[in-house]
Amino acid sequence: MRVLRDRLLPAGLADSAMFTGRVWRTDYLEPADEHSMAGLRMSYEPGARSHWHVHEQEQVIVGVFGTGLVAWEGLETPELLGVGDWWHVTPDVPHWHGATPHGPFAHLAVTAGGGTQWLGEVEEADYLAGIARG
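Residues numbered from 1 in each chain as written. Predicted model: local features only at pLDDT ≥ 70, side-chain atom pairs only at ≥ 80, totals over all residues. Heavy atoms only, no water.

*Asks:* Whenever I open this one, unusual backbone geometry confuses me. Can you help?
*Replies:* Most peptide bonds take the trans configuration, and most residues that are not glycine carry a negative phi. The phi dihedral of Asp92 falls on the positive side, at around 65°, and the residue is not glycine. Checked against the element boundaries, Asp92 lands in the loop between strand S10 (86–89) and strand S11 (95–99). (Helix = DSSP H or I, 4+ residues; strand = E, 2+ residues; numbered from the N terminus.)

Printed below as a string of structure tokens:
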């Protein structure tokens, strides 16, 4: 058992090969093996977003600051995610998430285990399709 103090955990820039724009990552739970949970906070500057990716296991994303966009394969336009909103991500479904162009966004993410496969950048037209909603 342990309590993790947010103010004591270092944040670093996320890998630019997996994100568009500046994104900060804070790791809370580092998995002991491929079957263990992972937990982190992602903080996006305006316009920043992940690339398309899939997870081998379930994930939950909870908005903690600002308003973000989330999208998955088959969805016509991205959905808005606000503070306190939960998004259940099912395994093996391509998806992306990030900030709107108008403001920053942060979320907590907890993944049940397994790996992540990165698929490629989000097309600008797909990203901007969500702006009309917000």
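*Asks:* Honestly, a negative patch on the surface in this entry has me stumped. Any pointers?
*Replies:* A cluster of acidic side chains, namely Asp33, Glu34, Glu56 and Asp92, defines a negative patch on the protein surface. Given the relative accessible area of 55%, Asp92 is considered exposed. (Patch = residues over 30% accessible without salt bridge, like charges linked within 9 Å, V, L, I, M, F, W, Y side chains within 5 Å. Areas by Shrake-Rupley, 256 points an atom, 1.4 Å probe, with all protein chains shown as cover. Salt bridge = Lys/Arg side-chain N within 4 Å of Asp/Glu carboxyl O. Lys, Arg positive; Asp, Glu negative; His and termini not counted. Charge placed at Lys NZ, Arg CZ, Asp CG, Glu CD. Buried < 20%, exposed > 50% of the residue type's maximum accessible area, 1.4 Å probe, protein only.)

*Asks:* Help me out: how do you make sense of the sheet that holds strand S12 (residues 105–111) in this one?
*Replies:* Across a sheet, strands are paired by hydrogen bonds formed along the backbone, either parallel or antiparallel in direction. Reading across from one edge, S1-S3-S4-S12-S7-S10 is the order of the six strands in this open sheet, with antiparallel pairing throughout. A strand with exactly one partner marks an edge of an open sheet, and here the two such strands are strand S1 (11–13) and S10. Sheet twist, expressed as the average angle between the axes of neighbouring strands with direction ignored, equals 25°. Pairing of S1 with strand S3 (residues 23–29), which is carried by three bridges, proceeds in the antiparallel orientation. Considered in S3, the bridge of Gly12 is made with Arg25. (Pairing = 2+ DSSP bridges. Axes fitted to C-alpha atoms, helices over the stretch in contact; angles between N-to-C directions.)

*Asks:* Looking at this structure, I do not really get the side chain of Ser50. What am I missing?
*Replies:* Relative to the assigned elements, Ser50 resides in strand S5 (residues 49–50). The class of Ser50 is buried, set by a relative accessible area of 0%. Dropping the residues within four chain positions of it, Ser50 is found in contact with Met18, Phe19, Tyr44, Trp96, His97, Trp118 and Val122. (Contact = heavy atoms within 4.5 Å.)

*Asks:* Looking at this structure, how should I read the side chain of Thr100?
*Replies:* Looking at the secondary structure, you find Thr100 in the loop between S11 and S12. With sequence-adjacent residues up to four places away left out, Thr100 is seen in contact with Pro46, Gly47, Thr67, Leu69 and Tyr127.

*Asks:* What should I look at first to understand the pairing of strand S6 (residues 52–55) in this one?
*Replies:* Look at any regular strand and the pattern is simple: side chains alternate between the two faces of the sheet. Across the two faces of S6 the burial is the same, with Trp52 and Val54 and His53 and His55 all buried. By the bridge criterion, four bridges tie S6 to strand S13 (residues 116–120) in an arrangement that is antiparallel. If you follow His53 over to S13, its bridge partner there is Trp118.

*Asks:* What is the right way to read the pattern of salt bridges from this model?
*Replies:* Across all of its chains, the model carries four salt bridges by this definition. Between Asp6 and Arg41 there is a salt bridge, with its nearest N and O atoms 2.4 Å apart. Taken together, the residues span a long stretch of sequence, with Asp6 in the segment before S1 and Arg41 in strand S4 (residues 38–44) at a distance of 35 residues. Taking relative accessible area as the criterion, Asp6 reaches 36% and is therefore assigned partly exposed. Residue classification places Arg41 among the buried residues on the basis of a relative accessible area of 19%.

Purely geometric numbers; function is a separate question.
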